[in-house]
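If you want the building blocks of each chain, they are given just below.
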Amino acid sequence: MIAGGILYWLVLIGLGIFGAYTGRLLTICSDRFPEQDRLLQQWNGVFKPWHVCPGCRTRPSLTERLPVVGWLLNGRRCHACRRRLSIRYSFIEAVTAILFVLVYYCEIRFDAQGSLSNGLVSDERVSGPEAITTLWSDGTWLHLRYAFHMLMICGLIVATEIDRRLRIIPDGCTVPIMILAVPFSFLFGQLYTVPIWFQDASTAKTLQEWSRLALEPWQFRLVQPLLIPWDATPFLRASPHWHGLLVSVVGMIAGAGSVWVVRQIGFLSLKQEAMGFGDVVLMGMVGSVLGWQPVLAVFVIGAPVLAMFFALFNWIVHRDNEIPYGPFLSAATILLLLTWPWSWPFAKRFLDMGPLLLPLALIGAFLMGASLYAIQLLKRAFGFSSVDLQDPHDWNSADHLAYYNSERPDEQTGQWPKEQWPGCRAGRGLRNFHDWKNHR
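Model, not experiment: these values are computed from the prediction.

Rules behind the numbers
Every residue gets a number counted from 1 within its own chain, in the order that chain's sequence is written. At least 70 in pLDDT is required for a residue's local features to be given in this predicted model, at least 80 for side-chain atom pairs to be given and counted, and no such filter applies to totals for whole chains, interfaces and linings, which use all residues. To obtain the side-chain values, all non-hydrogen atoms of the structure were included, while hydrogens and water were left out. Going along the chain from the N terminus, every DSSP run of H or I of four or more residues is numbered as a helix, and every run of E of two or more is numbered as a strand. Relative accessible area decides the class of each residue, using a 1.4 Å probe on protein chains only: under 20% of the type maximum gives buried, over 50% gives exposed, and in between gives partly exposed. Residues are treated as being in contact if the distance between any of their heavy atoms lies within 4.5 Å. The term disulfide is used for any two cysteine sulfur atoms that are within 2.5 Å. Given a helix with a known number of residues, its expected span is that number minus one, times 1.5 Å. Lines fitted to C-alpha atoms define the axes here, with helix axes fitted over just the stretch in contact, and angles between the N-to-C directions of these axes take values from 0 to 180 degrees. Between 65 and 115 degrees an angle is taken as roughly perpendicular, under 35 as roughly parallel, over 145 as roughly antiparallel, and anywhere else as oblique. Note: crossing handedness is left-handed where the near helix turns anticlockwise from the far helix by less than a right angle, and right-handed where it turns clockwise. Residue classes follow a fixed rule: Ala, Val, Leu, Ile, Met, Phe, Trp, Tyr, Cys and Pro count as nonpolar, while Asp, Glu, Lys and Arg count as charged, and any other residue, Gly among them, counts as polar. To count toward a patch, a residue needs a relative accessible area above 30% and no salt bridge. Like charges then connect within 9 Å, nonpolar side chains (Val, Leu, Ile, Met, Phe, Trp, Tyr) within 5 Å. Using a 1.4 Å probe, the Shrake-Rupley method yields the accessible areas, and only the shown protein chains count as cover for residues. Any carboxyl oxygen of Asp or Glu that lies within 4 Å of a side-chain nitrogen of Lys or Arg is treated as forming a salt bridge with it.

Engineer: An account of the overall build of the chain is needed here, citing residue identities and associated values.
Structural biologist: Across its full length, the chain holds 18 helices and four strands. Here the chain holds 440 residues, and 40% of them are scored as buried. For the chain, the proportion of contacts with a sequence separation of at least 24, taken over those separated by at least 6, is 69%.

Here is the structure:
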């Protein structure tokens, strides 16, 4: 198989090498993003001199600059201080390289004659950007979409690694990609995976017949416009740029909004934070790239299935009922792209319902909140501890530290006096008190 005169396997090898070096950059991001709170500061830290060893912070040798294999060639140790280095960096580099190859293999295919054929991430009825070619060839559009998806996947890798270790998702790995996704979707207009709207015509017909029998004539006239099957193909062919913008914006709103709603329901029911705000931004980023249908499939179907088995294992082994949810959102997104021919038809059965999705979503949100509240009532009835049963007057370690610091404003209390710059005490409002205390 050839692609543009280059052997297809050589293209994949080149992508693997490029992905490994990209993984090296992602390891730097995963280490330095959590050190800062602000977005610009997080990215400024990435461009500081890079080091391999966190102990001696020496400059890497020539072999250590090689991703994956450099760690093995140096015996898994720093060449300067001989400190054992973590496998975490090489693992991220290897995973990134593998994903660069796998996603390309799934999204872009060439036949024996070297001509482009549809990849796995396509649908016969709900077609992607390869169905509309105005300026460039089919292969150009598919390669642009591949680069678009890999940009998202790089952000997911960084978010997963940080959330796994620290249970936070910094804005540096999500917000820039989300900011780029919206204008890129408008500029190119054909980077989407599925169009803004599709539905099964038979579902709309069934809803029309049911509504005509169940509702009054004036009520039926109000809901009838919502039950008409609408085909988005004429719109996306006539206005591809505006269609691409709508896909990205609606996907961002649906991704972030769905997680935010679940977060609020969990907080009201459990009296604690059920999902972090980093998950909200993460799903907003995924939705801005893939659209609202795939991001809902990830959040409603894919991620809960993956998290359920891990949460059960984590509770049995560690007796810990809290897990970071970002890695499962990221894994479900990547698995959706890699298993598109099998996973997407299953998810599309639910998304084909069209306008019926909105009342079903409202019912599902109500049932989830009612279920969580019922679980809390059962825990109270059987005497299990619950976070909302804690005594607000308990004296914990944080309260003790706050009280101790308020009673000890001078850092030298109980110590031999030592000279220091008067501006230090003046900045804390203690200079006059210190001078009076020492008869100055």
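Engineer: Lay out the state of the cysteines with the relevant residues and their values.
Structural biologist: Applying the stated criterion across every chain, the model contains zero disulfides. C154 carries a free sulfur, and the closest cysteine sulfur to it, the one in C29, is 9.2 Å from it. With relative accessibility at 13%, the residue C154 sits in the buried group. Unpaired in this structure, C173 has its nearest cysteine sulfur neighbour in C29, at a distance of 8.7 Å. Residue C173 is classed as buried on the basis of its relative accessible area of 2%.

Engineer: Mind laying out unusual backbone geometry, listing which residues take part and the relevant values?
Structural biologist: In the Ramachandran plot, R82 falls in the positive-phi region, its phi being about 60 degrees despite a non-glycine side chain. Tracing the backbone through its elements, the reader meets R82 in the loop between α3 (69-73) and α4 (88-107). What makes R82 partly exposed here is its relative accessible area of 44%. Positive phi values are uncommon outside glycine, yet R167 reaches one of about 60 degrees. Tracing the backbone through its elements, the reader meets R167 in the loop between α5 (138-166) and α6 (175-188).

Engineer: Got a sec to walk through helix α7 (residues 201-214)? Specific residues and values, please.
Structural biologist: Relative to the 20 Å expected for 14 residues at 1.5 Å per residue, α7 spans 20 Å between its end C-alpha atoms, a close match to the ideal helical length. The inward-facing, buried residues of α7 contact α8 (217-223).

Engineer: Account for the packing of helix α10 (residues 240-270) against helix α12 (residues 292-318), naming residues and giving values.
Structural biologist: Here α10 crosses α12 at 25 degrees, and the two axes come no closer than 8 Å. Taken together, the axes of α10 and α12 lie roughly parallel to each other. Crossing geometry of α10 relative to α12 is assigned as right-handed. Residues V250, G251, A254, G255, S258, V259 and V262 of α10 lie in contact with α12, whose contacting residues are W292, V295, L296 and F299. Looking at side-chain class alone, the contact of α10 with α12 contains eight nonpolar, three polar and no charged residues.

Engineer: Report on a nonpolar patch on the surface, specifying residues and quantitative values.
Structural biologist: Side chains of L7, W9, L10, I13, I17, Y21, L66, V69 and L73 sit close together on the surface and give an oily, nonpolar patch of about 850 Å² of accessible area. Those elements that place two or more of their residues in the nonpolar patch are α1 (8-32) and α3. Examining the composition of the nonpolar patch, we find that five residues originate from one element, α1, more than from any other. Position of L73 relative to the elements: it lies in helix α3. Judged by relative accessible area, L73 falls into the exposed class, the value being 59%.

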